[in-house]
Amino acid sequence: LELEKLKEKRREEILKEFTPEEKSVILGVPASNNLDDLARFVSLCRYFRGFHHLEEIMYLENIRRATLLNLVDKFRDLLIKTEHEDQVVVKFFRNARENPS
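In what follows, the accompanying structure is described. (Residues numbered from 1 in each chain as written. Predicted model: local features only at pLDDT ≥ 70, side-chain atom pairs only at ≥ 80, totals over all residues. Heavy atoms only, no water.)

### Structural notes on helix α5 (residues 65-74)
Every α-helix winds through 3.6 residues per turn, so residues three or four apart in the chain are directed the same way. Listed in full, the buried residues belonging to α5 are Leu68, Leu71 and Val72. Each buried residue of α5 sits inside an arc of 100 degrees when the element is viewed along its axis, so together they form one side. Contact partners of the buried residues in α5: α3 (35-44) and α4 (54-61). (Buried < 20%, exposed > 50% of the residue type's maximum accessible area, 1.4 Å probe, protein only. Helix = DSSP H or I, 4+ residues; strand = E, 2+ residues; numbered from the N terminus. Arc of directions from axis to C-beta. Contact = heavy atoms within 4.5 Å.)

### Considerations on the environment of Glu83
In this fold, Glu83 is placed in the loop between α5 and α6 (87-98). Since its relative accessible area comes to 81%, Glu83 is described here as exposed. When the C-alpha positions of Glu83 and His53 are compared, they lie 9.0 Å apart, and in sequence the two are 30 residues distant.

Written out as structure tokens, the structure is:
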């Protein structure tokens, strides 16, 4: 009973920045039952606004790709994943095709 109270207090502490509606949605995801996963997800939420790519998150947070992808998978019901071509790579290959050595 005491352990459950401590877990609930920690859960509330982790989610303190969110509105009641957001908390409800986040806690509806099964992965939120694991407080470590929940804390990691919340700490990374600032990157899940569509302006950061995986490599940037990995670099800024010193997190492995597998760990990040695992977390994204666990909270996939809350996230929308998109893929975009890297314009630098596209330009590089376009130049390589047009100017073969």
